[in-house]
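# Tertiary structure, described
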Amino acid sequence: MISRIEIGFLPGVRDALGEKTRRRIFHDLHLSVENVETIEVYTLEGDLTDELLERIAAGPFSDPVIQRYAVNRSLAFDFDWLIEVGFRPGVTDNVGRTATEAVRLLLEKAANGGLKVYTSRQYLLKGKLTRREVEDIASGLLANELIQRFEIIDGRTWKSGEPVKPYVPRVIVADQPRTEYVDLPDDDAALQEISGSRVLALTVEEMRIIRNYFQDEAVQRRRREAGIGEGITDVELECLAQTWSEHCKHKIFNSLITYEDEHGNSRVIDSLFKSCVKGSTNAIREELGPEDWCLSVFVDNAGIIKFNDEYNLVFKVETHNSPSALDPYGGALTGIVGVNRDPFGAGKGAKLIFNTDVFCFASPFYDQPLPPRILHPRRIYEGVREGVEHGGNKSGIPTVNGCLVFDERFLGKPLVYCGTGGIMPARILGEPSHIKEVQPGDIVVMTGGRIGKDGIHGATFSSEELHEGSPVTAVQIGDPITQKRMTDFLLLARDQGLYRAITDNGAGGLSSSVGEMASLSGGCEIDLKKAPLKYAGLHPWEILISEAQERMTLAVYPDKIDAFLNLAAKMGVEATVLGRFTDSGMFHVCYGEQTVAFLDMEFLHEGLPQMKLNARWTPPAFPEPDFPEPADLGRALKEMLGRLNICSKESVVRQYDHEVQGGSAVKPLVGAADDGPGDAAVLRPILESFEGIVVASGICPRYSDIDTYAMAACAIDEAIRNAVAVGASLRRMAGLDNFCWCDPVESEKTPDGRYKLAQLVRANEALYDYTRIYGVPCISGKDSMKNDYMIGGTKISIPPTLLFSVIARMDDVRRAVTMDAKQPGDLVYVLGETRKELGGSEWYALNGFVGNSVPRVDARKARSRYEALCGAMEAGLVASCHDCSDGGLGVALAEIAFAGGLGMAVDVSLAPSAGITRNDDLLFSESQSRLVVTVSPADREAFESMMADSEMACIGRVTVEQTFVVTGLQGRVIIEEEIASLKEAWQQTLREM
Amino acid sequence: MTGSLKENKEQGKLRTMPQRVKSMVITGNGTNCEMEMAHACRLAGSDEVDIVHISDLISGEKRLDDYHFLNLPGGFVDGDDLGSAKANANRLLHVRIRGTEERLYDSLRRFIADGKLILGVCNGFQLMVKLGLLPGFDGDYATQTVTLTYNDSGKFEDRWVYLKPDPSSPCVFTREMEGIYLPVRHGEGKLVPRDEGILKRLHDQRQVVLQYSDSSFREAVMAYPQNPNGSTNAIAGLCNETGRLFGLMPHPEAYLHATNHPRWTREKLPEEGQGLQIFRNAVNFLRREL
């Protein structure tokens, strides 16, 4: 039986969602609607009496103070158009899940197994709109047709009170679950066709290797003995495709690269990952010797370092770009709750203590025609923002740091970086917590959510560019509450010593999680028929590779399995035994009695040969900028402050809870009015202690246009500089590298692959050089290599982007420093040299140029400056400190002044500089490693003596007057502006977003 | 109005006379602030503080009767999926303690009848309101007369607010407190009473404990952002008629130390955060009334 309950607001109650929707229809679609009213709809499947339906509607489903309800009739009344938006079958419906649970409680003992509640929402529009316009509102704003459906009702043909016909998005799978053998012929074209049509993302060469394995006589003999046919099953083919995907295997980062420089000299690099990323970390750890504080790097789901003798810190940053392009809300939500499971699944499991987010979008004000399948950047912005809001806030993890980066080339694929940090006791019941072990005989258990068709081919799909056939099943919606229940349970199970090892189910689903853990014991045997499903009818291969969310896989001690399952049941978490880990050397998968996969562990994990690629570096040459120094530099400064990459992001920041868990010490917004741009986050993870953690990031894709070596150097320097600005020391600072690239493999689709690969090589070489000099080891990282869009003749590739994130220990958070000017009379210092380095700068971009003089980082000088500054901060000599980056000195000085609610009088010609002849260059050059510091006059001598070895100058004072006065070259005043007007310029751009 | 525990004891209601103050912080299904709330209870001097998962209450392994101070922390229990705290209110009302006929709600009613203290913050306040514990006119703790709904901005917001306490409120948690500065972090914090009569009674009975105010704590403010959600009459927190049940949208457990304050690097502040006093008042009240 199907019933419908509708919930609307009582007359006179404000419908905030309706109002917001009306504003967005106007802003996003430029359509004027007089009024939007919303009605929540619950569609119930199950035998429920009218009396019970009334109780459900009046009880958990509605609020008696502000809402009214209707059972099996319609609330809609007096509208011009009605749009009802609901999910398509199989899409995660979190509200529906909660509603189902609520109704089950009301049913009490008469448990109704068949009960299911689905949700949808009605928007009642009033206004003169054509059907076409209403369709645009539905498809362009209210519904994402990949995951949702909508129905439009014309108010003129609507009889008041007439019930809307219920729609039940029940999943109907007609197929019986089955496993098929796949014929792999001796024909490359056919192999290519199989790989393409099944979204395997395997190359012909990889397909041949697989075919040859199955033709091996020893393999065939073992298969006959195991009772499985000689040919490859679809389960095995899909499992290999996941395990061997670029996403999981990082084939490009591990490839053998022949690199040719601009002079024709060539050299061979055997794995960028091993030589550059890991190479630097290994060297730093060796130098640290017995003081080495890295505990687990590059081997687990996240990097683990020592925090103090009692606790370890865990950190990981991931990207979720491709799903976010198709469904920004679901993609980003899954991104954040997905990366949560990385520190949670590292070592014995960590409690999650902070999130960071960095989003790269095209301008939300983009006004050109959109290529097919691309959502408007404003919609991506809002969807991603909201997805991360729900994922982060509902999980109770503070979002402490992040940034937004804008470039038109992120139109093809947005970048959605989500990071999560955790903390765990250094030892749990006497065992070191960072070590991951699995023994033969341990029980394979899956906990958390159920498996559906959602997320099938996520790993392989993100190993391709976005194209016409990109599968919709790759899209998922995260469920933070199911995950929270699971993590509450597993932390208890961890502390009671009920399991030996834990890992998350992310890309590749069970095939990855069980496959990777099985490599620690030497094999496994699991039965997919035992896996709990969201709905019947999944084929075994789908069960194995589905990336359905909120699941962890564990190795449970055989003698603790009952205690583990009992605790799960008590806490309302599903936990299912799937099989056991073995040392058979085989990845053995059954479906009931039938063996459906029987692969050598060694072939699965090591069977893929190293890729061989070519790179050639040709430095690009851009026209040298040619424009006069503007007469009104005050106006220029305001234009700079309002630019998307510089302006205030407060409207986004405030929508993220940045202080839950109670340890926030430096927040994202700082200053006299709590609205200045903080450089980095400081938090106390242990509330009884003042030991803290600093979290910061650096990203500057614009510099990639000129040289990715400089881009990577600047990103690393910026992240470290931001951390230093709040008081972090380099003594215990670790980094994470997240590369997002466009496809760097030369092919028909990518004729410039050699150049793009050379860009990747150069960025990695910078990573090696700079992390070594700073002594900041990378402890984990990730790469996403196919950030291109290609449909029809249009190809959009992102600018190569490295996000460098750092985590540092701080001995005492009470020594933290914020960026806002503190007192009138304080002295303003510039640390570091300003050079004519405006290539790729915001100033050149504003004037329509790229230029060539990209900022170069002198890391040795920077390191000693940062160390000296850290000493001055620990001595309490620094009143404020601000990183100088996008927009240079001009922007940094203005931000310090208006964040402090104070004026400033400075002479920028006094700042240490070289080769500068123009005021605009002096103000807006983006030379790296610079910081602006304010110091109380009482501390002048002490500060200057501690900083004696650094390039530094006192350029003026903080003033009580509310004006920002800058003297430039030739001793003349070049800017005189009210700080309020500068702040307004900085705040207005994204205020309404 | 604040009847003492001693009187209750004479009526034979109080089961355990607390020589030691025992606090419980309930967690589970999306509660997020249990750790800092427990920390606040400890700093306030509570002798025992237990973070209790709701499944332990449902299984009967932990009993409300064994505690004196119940903390309902912030979070997103059940994802706020049916409206904030709605599904959790439904759970507390209907779930039975295993092996008994008693509902969790019955034990909650007994806890209140025993004269013990309940503090609900954010999602905990939403829960108290939707269960009917607040404002609880005439001791009716089952009828919902006010609600907390979507902020006028339609947005979740994290922002610090100035709060003006009513000095003549019976609320035991805010005694001796003048102006309080705390963060709000919610999307559904706008208080709406069922009608004017309810609103008038809230004021008449001094149950409006806290109002959003200007920075001098003088005037209640309706304007955004000082009033971050458009709450009726700038109401930020309510107590029941005895002053022993208190709910508020801002987070006192988020300001326990000066470094939590958004401007501690530029203002001279006492080391102790203002939020702690609310917990200390509760613990001291319980100890005094023992």
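Residues numbered from 1 in each chain as written. Chains lettered and ligands numbered in written order. Predicted model: local features only at pLDDT ≥ 70, side-chain atom pairs only at ≥ 80, totals over all residues. Heavy atoms only, no water.

This paragraph deals with the overall build of chain B. Of the regular secondary structure elements, chain B holds 8 helices and 11 strands. Here the C-alpha radius of gyration of chain B, 18 Å, is about what a compact globule of 290 residues would show, namely 19 Å. Principal-axis analysis of the C-alpha atoms gives chain B an extent of 50 × 40 × 35 Å. For chain B, buried positions account for 68% of its 290 residues. (Helix = DSSP H or I, 4+ residues; strand = E, 2+ residues; numbered from the N terminus. Rg over C-alpha atoms; globule rule 2.2 N^0.38 Å. Buried < 20%, exposed > 50% of the residue type's maximum accessible area, 1.4 Å probe, protein only.)

This part takes up the interface of chain B and chain A. If you look at the interface, chain B gives 62 residues, while chain A gives 68 residues. Of the roughly 5,400 Å² buried at the junction of chain B and chain A (both faces included), carbon and sulfur atoms supply 51%. Applying the counting criterion to the chain B and chain A interface returns 10 salt bridges. Glu271(B) is the partner of Arg814(A) in a salt bridge, and the nearest nitrogen-oxygen pair spans 3.8 Å. Across the chain B-chain A interface, the total number found is 32 residue pairs in polar contact (both at pLDDT 80 or more). Broken down by secondary-structure element, the contributors of at least two residues to the side of chain B that touches chain A are α2 (34–43), α3 (54–58), α4 (86–94), β5 (146–149), β6 (157–165), β7 (180–186) and β8 (190–193) of chain B. A total of 5 residues in the side of chain B that touches chain A trace back to one element, the largest contributor, which is α4(B). The residue inventory of the side of chain B that touches chain A, partitioned by class, reads 16 nonpolar, 24 polar and 22 charged. (Contact = heavy atoms within 4.5 Å. Buried area = accessible area lost by both parts, 1.4 Å probe. Salt bridge = Lys/Arg side-chain N within 4 Å of Asp/Glu carboxyl O. Polar contact = N/O pair within 3.5 Å; in protein donor to acceptor, adjacent residues only side chain to side chain. Nonpolar A, V, L, I, M, F, W, Y, C, P; charged D, E, K, R; others polar.)

Residues and elements named next belong to chain A. Enumeration over the complete set of coordinates arrives at 97 salt bridges over all chains. Note that Asp 442 and Arg 500 form a salt bridge whose closest N and O atoms lie 2.7 Å from each other. Pair noted here: Asp 442 is in the loop between β18 (431–432) and β19 (443–448) and Arg 500 is in strand β20 (residues 499–504), with a separation of 58 residues, a long-range link. Residue Asp 442 is classed as buried on the basis of its relative accessible area, which comes to 1%. Its relative accessible area of 18% is what places Arg 500 among the buried residues. Asp 811 is the salt-bridge partner of Arg 809, the closest N and O atoms lying 2.7 Å from each other.

Time to look at the domain arrangement of chain A. Residues and elements named next belong to chain A. Each domain of chain A was delimited in the assignment, giving domain 1 (2–157), domain 2 (192–270 + 437–608), domain 3 (289–372 + 396–435 + 666–745 + 775–812) and domain 4 (631–647 + 817–993). Distance between the C-alpha centres of domain 3 and domain 4: 26 Å. Facing 39 residues of domain 3, the contacting portion of domain 4 comprises 46 residues. Regarding the contact of domain 3 and domain 4, the summed buried area is about 3,300 Å², with carbon and sulfur atoms giving 58% of it. A per-residue breakdown of the area domain 3 buries against domain 4 is headed by Arg 702, Ile 706 and Arg 721, which together make up 20% of the total. For Asp 707, the salt bridge identified is with Arg 856, shortest N-O distance 3.3 Å. Summed over the shared surface of domain 3 and domain 4, the result is 18 residue pairs in polar contact (both at pLDDT 80 or more). Mapped by element, the contributors of at least two residues to the side of domain 3 that touches domain 4 are β15 (399–406), β29 (676–677) and α22 (708–726). (Domains from an automatic or database assignment.)

Moving on to the UniProt feature "domain: Phosphoribosylformylglycinamidine synthase linker" (unreviewed entry) in chain A. Feature annotation in UniProt assigns "domain: Phosphoribosylformylglycinamidine synthase linker" (unreviewed entry) to the following positions: residues 191–251 of chain A. As annotated, residues 191–251 of chain A comprises 70% helix and 3% strand, and the C-alpha atoms at either end are separated by 20 Å. (UniProt positions renumbered as here; feature names shortened; annotations may be inferred.)

Next up on the list: the nonpolar core. With 160 residues, the main nonpolar core has Leu641(A), Ile720(A), Tyr774(A), Leu869(A), Leu893(A), Phe943(A) and Phe964(A) as its most contacted residues. The element contributing the most residues to this core is α22(A), with 14 residues. Apart from the residues within four sequence positions on either side, Ile720(A) is in contact with Leu730(A), Met733(A), Tyr774(A), Val776(A), Val806(A) and Tyr866(A). Counting 82 residues, the second largest nonpolar core, distinct from the first, contains Ile112(B), Leu127(B), Val129(B) and Tyr141(B). (Core = buried A, V, L, I, M, F, W, Y, C linked by side-chain atoms within 4.5 Å.)

A separate point is the environment of His434(A). All names here are of chain A. Along the polypeptide, His 434 turns up in the loop between β18 and β19. Classification of His 434 by relative accessible area gives buried; the value is 18%. Sequence separation between His 434 and Leu 533 is 99 residues, and the spatial gap between their C-alpha atoms is 32 Å.

Moving on, we come to the confidence of the model for chain B. All names here are of chain B. The predicted model of chain B has a mean per-residue pLDDT of 93, with 93% of residues at 70 or higher. Taken as a whole, residues 1–16 scores under 50 in pLDDT and shows 37 contacts with residues more than four places along the chain or in a different chain. Among the scores for the predicted complex, ipTM is 0.94 and pTM is 0.95. (pLDDT = per-residue confidence, 0-100.)

We now examine the sheet that holds strand β14 (residues 351–361) of chain A. Residue and element names in this part refer to chain A. Taken together, 6 strands build an open sheet; the order of strands is β11-β12-β13-β16-β14-β15 and the sheet is mixed. Bordering the open sheet on either side are β11 (294–296) and β15, each of which pairs with just one other strand. In this sheet, adjacent strand axes meet at a mean angle of 20 degrees when their direction is disregarded. Summarising the sheet, strand β12 (residues 303–306) and strand β13 (residues 311–319) pair through 4 bridges and their orientation is antiparallel. (Pairing = 2+ DSSP bridges. Axes fitted to C-alpha atoms, helices over the stretch in contact; angles between N-to-C directions.)

This brings us to helix α2 (residues 50–58) of chain A. Residue and element names in this part refer to chain A. Of all the positions in α2, only Leu 52, Leu 53, Ile 56 and Ala 57 are classed as buried. End-on, the buried residues of α2 take up no more than an arc of 135 degrees, which puts them together on one face. Those residues of α2 that are buried are in contact with β1 (2–9), β2 (35–45), β3 (67–71) and α3 (94–107). (Arc of directions from axis to C-beta.)

All names here are of chain A. Within this numbering scheme, the UniProt entry marks His 247 and His 320 as carrying the feature "active site" (unreviewed entry). Taking the farthest pair of C-alpha atoms as the criterion, the annotated set spanning 74 residues converges on one region, since that pair is 11.1 Å apart. Using a relative accessible area of 22% as the deciding quantity, one classes His 247 as partly exposed. With respect to the helices and strands, His 320 occurs in the loop between β13 and α11 (321–326). In this structure His 320 touches Gly 331, Thr 334, Gly 335 and Val 416, once residues within four positions along its chain are discounted. A polar contact is formed between the side chain of His 320 and the backbone oxygen of Gly 331, at a distance of 2.7 Å.

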